[in-house]
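# Chain and residue survey
Spelled out from the first residue to the last, the chains are:
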Amino acid sequence: MEAKFRIEKDSLGEVKVPIDALYGAQTMRAVENFPISGIKFSRPFIKAIGFIKKTSAKVNERLDLIPSDVSKYIRLACDDIISGKLDDQFPLDIYQTGSGTSTNMNANEVIANIANKIANDSTKIHPNDHVNFGQSSNDVIPTAIRIAAYLEAKQHLIPALEYAKAAFITKGQELSDIVKTGRTHLMDAMPVTFGQVFSGYARQLELGIERINSALTRLSELPQGGTAVGTGINTHPDFPKMFAEEISDLTNEKFIESLNHFEAQSTVDAPVELSSILKTIAVSLLKIVNDIRWMNSGPNCGLGEIKLFALQPGSSIMPGKVNPVIEESTAMVCAQVIGYDSSVSIAGLSGNFELNVMLPLVAHCILESIKILGNALRNLADRSILKLIVRKEHIKSLIDKNPILVTSLNPIIGYDAAAKIAKRAFAENRSLKEVAKEMSDISEEELEKALDPIGMTKGGFSK
């Protein structure tokens, strides 16, 4: 029977490795040591590792630190990692050594194996001596976090925020002249237009974009080149600056060498800042979808101001029931992102001296937050916001009976007299205009003007 394993060696001795695995002994030890969750590093993170190893090989070749043919084979192997062809060769759990050393060595072993196959015995590529030359897990993993989070925020989340913002603006313009009852403390308040309400939602998302862009400035500082503790031991002094320049060319994004390698490598403050912004966006989005759920509630025994597009039956027992499923899905995403941020905060304060020791957790939480927020924003825009309709007649009937509209009479008859009109209109379930006619000497023309809901949405005085 054909053997299912091969024997690999590392500094601790021999290890059985699956016969078809491209990784080696150190990866296999980590597979055995961390059977925790089955959650692996995501595609963006593995891609970022590929970028780092490819760029490092190119820079080390330029500095005459590794042979040109070795560099070429390493870079060709890295292309397969960057493309996603080798994701199945990264089997490690995110709950592993806090520095992510296991995953760095996983990449080194896979790249060396592929490079050696390409070289076809013309040269020998070593995972540590060549692929990892002038690097340490302690600068590779923090750099991968920053590159992956930067690229995903820029290429996935910001476009999704822009898309959802545009959806709110489009729908707000479509409904700009429709007045609804405003609410404070969940109680009836002065009227607003749907255009005004939706412009507020759009601005929330716009501010989210601004916050991300600000954080990306700090995130773009790369720790690579600090090696073990930030001093740059075993790497060329020109390596960090050249690395940042080369990886900027490779990714078409602007990265720079960290201004202080000891700060960039011993902390995850920049990722923590980004995570807090992702949480802020989640908080904004949760407020938005809860408003939509309230406006859609009923339809007959709730507010029933809008009607969401029916996507699926809402109950296994109540025929005809339709639920705000997209909003509920989005709310759960927001709750998860808020939870991820708590984990990142704890991880951020878990560094000791020259190294943070929860790097894999930081990578996982931030990249998952970016992914699910971006997906949820587009889904909300497409399946809910752009398809919702307003129940105009129902909204008008609610507006006409809203006693709070009497506020616009304050400058004309005073607060106390206005309050009496409001109380009577509410008690008798009559329109405010009708009661105001009976209880004041305001002309009908003045009442029409003062109690015009659309006029109230424009601010200023009725007097």
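Above: the structure in question.
Just so you know, these numbers come straight off a predicted model, no measurement behind them.

## Considering the packing of aromatic side chains
In total, this model carries seven aromatic pairs according to the counting rule given. The interplanar angle of 75° and the centroid separation of 6.2 Å between the aromatic rings of Phe-194 and Phe-198 together place this pair among those described as edge-to-face. On the criterion of helical spacing, the pair formed by Phe-194 and Phe-198 is a turn pair, its members being four residues apart in helix H7 (residues 194-219). Accessibility expressed as a relative area gives 0% for Phe-194, which makes it buried. Overall, the relative accessible area of 1% leaves Phe-198 in the buried class.

## A short note on the pattern of salt bridges
The final tally for this structure, using the stated rule, is 28 salt bridges. The salt bridge partner of Asp-80 is Lys-85, with a shortest N-O separation of 3.8 Å. The class for Asp-80 is partly exposed, based on a relative accessible area of 21%. In this structure, Glu-174 engages Lys-171 in a salt bridge whose closest nitrogen and oxygen atoms are separated by 3.2 Å. Of the two residues, Glu-174 and Lys-171 both sit in helix H6 (residues 137-174), three residues apart, roughly one turn of that helix. Here Glu-174 falls in the exposed class, since its relative accessible area comes to 52%. The exposure class assigned to Lys-171 is buried, which follows from its relative accessible area of 3%. Put simply, Arg-424, Glu-428, Arg-430, Glu-434 and Glu-438 are held in one network by salt bridges that share partners.

## Some remarks on the nonpolar core
Ranked by size, the top nonpolar core spans 132 residues in total, and within it Phe-45 and Phe-168 carry the most contacts. Take this core: its biggest share by element is 17 residues, from H6. Apart from the residues lying within four places of it in its own chain, the contact partners of Phe-45 are Thr-103, Ile-141, Ala-144, Ile-145, Ala-148, Ala-363 and Leu-367.

## Some words on the pairing of strand E1 (residues 5-10)
Pairing of E1 with strand E2 (residues 13-18) involves six bridges; the strand directions are antiparallel. In the sheet register, Asp-10 faces E2, and the bridge partner there is Gly-13. Hairpin connection, E1 to E2: the antiparallel pair is bridged by two residues.

## Quick word on helix H8 (residues 239-251)
Counted at 1.5 Å a residue, the expected span for H8 with its 13 residues is 18 Å, and the 18 Å between its end C-alpha atoms agrees. Buried within H8 are the following residues: Phe-239, Pro-240, Met-242, Phe-243, Ala-244, Glu-246, Ile-247, Ser-248 and Thr-251. Close packing links the buried residues of H8 with helix H2 (43-62), H6, strand E5 (221-222), strand E6 (256-257) and helix H9 (261-266). Phi turns positive one or two residues past the end of H8, at Asn-252, with a value near 60°.

## Remarks on a nonpolar patch on the surface
Residues Ile-36, Ile-39 and Tyr-95 make up a contiguous nonpolar surface patch of about 270 Å² in total accessible area. For Ile-39, the location among the structural elements is in the loop between helix H1 (25-33) and H2.

## Quick word on the environment of Ser-342
Secondary-structure assignment places Ser-342 in helix H11 (residues 325-348). According to the relative accessible area criterion, Ser-342 is partly exposed, its value standing at 42%. Put simply, Ser-342 and Ser-275 are 67 residues apart on the chain and 8.9 Å apart in space, counted from C-alpha to C-alpha.

## Topic: the state of the cysteines
Across all of its chains, the model carries zero disulfides by this definition. Free cysteine: Cys-365, not disulfide-bonded; nearest cysteine sulfur from Cys-334 at 16 Å. Relative accessible area serves as the criterion here: at 1%, Cys-365 is assigned to the buried category.

## A word on the side chain of Ser-266
By the secondary structure assignment, Ser-266 is in helix H9. Its relative accessible area of 18% is what places Ser-266 among the buried residues.

## Examining the packing of H7 against helix H10 (residues 269-296)
It is at 9 Å that the axes of H7 and H10 come closest, and there the two elements cross at 170°. The angle between H7 and H10 falls in the class roughly antiparallel. Between H7 and H10, the contacting residues are Phe-194, Phe-198, Tyr-201, Gln-204, Leu-205, Gly-208, Arg-211, Ile-212, Ala-215, Arg-218 and Leu-219 on the first element and Ala-270, Pro-271, Glu-273, Leu-274, Ile-277, Thr-280, Ile-281, Ser-284, Lys-287, Ile-288, Asp-291 and Met-295 on the second. Residues belonging to the contact of H7 with H10 are distributed by class as follows: 14 nonpolar, four polar and five charged.

Cut-off values and rules
Residues numbered from 1 in each chain as written. Predicted model: local features only at pLDDT ≥ 70, side-chain atom pairs only at ≥ 80, totals over all residues. Heavy atoms only, no water. Phe/Tyr/Trp six-rings, centres within 6.5 Å; stacked < 30°, edge-to-face > 60°. Helix = DSSP H or I, 4+ residues; strand = E, 2+ residues; numbered from the N terminus. Buried < 20%, exposed > 50% of the residue type's maximum accessible area, 1.4 Å probe, protein only. Salt bridge = Lys/Arg side-chain N within 4 Å of Asp/Glu carboxyl O. Core = buried A, V, L, I, M, F, W, Y, C linked by side-chain atoms within 4.5 Å. Contact = heavy atoms within 4.5 Å. Pairing = 2+ DSSP bridges. Expected span 1.5 Å × (residues − 1). Patch = residues over 30% accessible without salt bridge, like charges linked within 9 Å, V, L, I, M, F, W, Y side chains within 5 Å. Areas by Shrake-Rupley, 256 points an atom, 1.4 Å probe, with all protein chains shown as cover. Disulfide = S-S within 2.5 Å. Axes fitted to C-alpha atoms, helices over the stretch in contact; angles between N-to-C directions. Parallel < 35°, antiparallel > 145°, perpendicular 65-115°, else oblique. Nonpolar A, V, L, I, M, F, W, Y, C, P; charged D, E, K, R; others polar.

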